[in-house]
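# Descriptive analysis of the structure
These are the residues of each chain, in order.
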Amino acid sequence: MSKIDPGKPSTGAESPYILPPLPYSENALEPAIKAETVRFHYGKHHKGYVDNLNKLIAGTEYAGLSLEKIIAGTAGRPESTAIFNNAAQTWNHTFYWKSMTPKGGGEPPAALKQRIEASFGSVDVCKKELASAAVSQFGSGWVWLVLEGSRLKVVKTSNADVPLTTGMKPLLTIDVWEHAYYLDYQNRRADYVNAVLDKLINWEFALQNAS
């Protein structure tokens, strides 16, 4: 049984995949994200991707591969779209939960702050770029802080797409699918994004991924 650990090198996995535990309790992100939202998002949506992936890869060449290898092997292949979507969304969601932490936000660790300032000029500019990308993403998708070469940058992806497929290294992400915020914020995506950036973003996780 595989535990999915985005952000660290994968050593392969055996099927079926299992839903990895949340890194905190369902109510730990309150008041920015309520327990009810986490319960539905994690227990229904995230679990659904894991369950669908197991059904789709059973008996195929992808059974037993790591999530990263499944994503790489199915990206851009129309006949494998369903497998890609469920593998990528399983990976994305696990990464998203780790991108947040109770009492997060605030000042990044010094080593990460230096890299942010070298790439963006300041932490505030970095956060504004993340917020702008998240709010301007049309429809469902994700906004990412990534490492490309030696520089940090902000990118956004649609639906299940993940920067792994274009050679960028994700450092953290914010989910902007409506199910991530609608119970708490309705159509006010900007308020949700700002709450994540100000109160929950896990800079320590980003630093770990940048090393």
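I will try to describe carefully the structure that is included in this document. These numbers come from a predicted model, not from an experiment.

### Section: the sheet that holds strand 3 (residues 169-175)
Pairing is antiparallel in the open sheet, where three strands are placed in the order 2-1-3. Each having just a single partner strand, strand 2 (151-158) and strand 3 make up the two edges of the open sheet. Pairs of neighbouring strands in the sheet enclose a mean axial angle of 25°, with direction left out of account. As paired strands, strand 1 (residues 141-148) and strand 2 are joined by eight bridges and run antiparallel to one another. Within strand 2, the residue paired with Val146 across the bridge is Lys153.

### Examining the environment of Ser158
Mapped onto the elements of the fold, Ser158 is located in strand 2. Residue Ser158 is classed as partly exposed on the basis of its relative accessible area, which comes to 34%. Each C-alpha atom, one on Ser158 and one on Leu53, is 19 Å from the other, the two residues being 105 residues apart in sequence. At 3.3 Å, the side chain of Ser158 and the side chain of Gln137 are in polar contact.

### A short note on the nonpolar core
Ile33, Met100, Leu145, Ile174 and Tyr192 are the most contacted members of the largest nonpolar core, which has 65 residues in total. Sort the elements by how many residues they give to this core and helix 3 (residues 81-98) lands first, with eight residues.

Rules and cut-offs
- Residues numbered from 1 in each chain as written.
- Predicted model: local features only at pLDDT ≥ 70, side-chain atom pairs only at ≥ 80, totals over all residues.
- Heavy atoms only, no water.
- Pairing = 2+ DSSP bridges.
- Helix = DSSP H or I, 4+ residues; strand = E, 2+ residues; numbered from the N terminus.
- Axes fitted to C-alpha atoms, helices over the stretch in contact; angles between N-to-C directions.
- Buried < 20%, exposed > 50% of the residue type's maximum accessible area, 1.4 Å probe, protein only.
- Polar contact = N/O pair within 3.5 Å; in protein donor to acceptor, adjacent residues only side chain to side chain.
- Core = buried A, V, L, I, M, F, W, Y, C linked by side-chain atoms within 4.5 Å.

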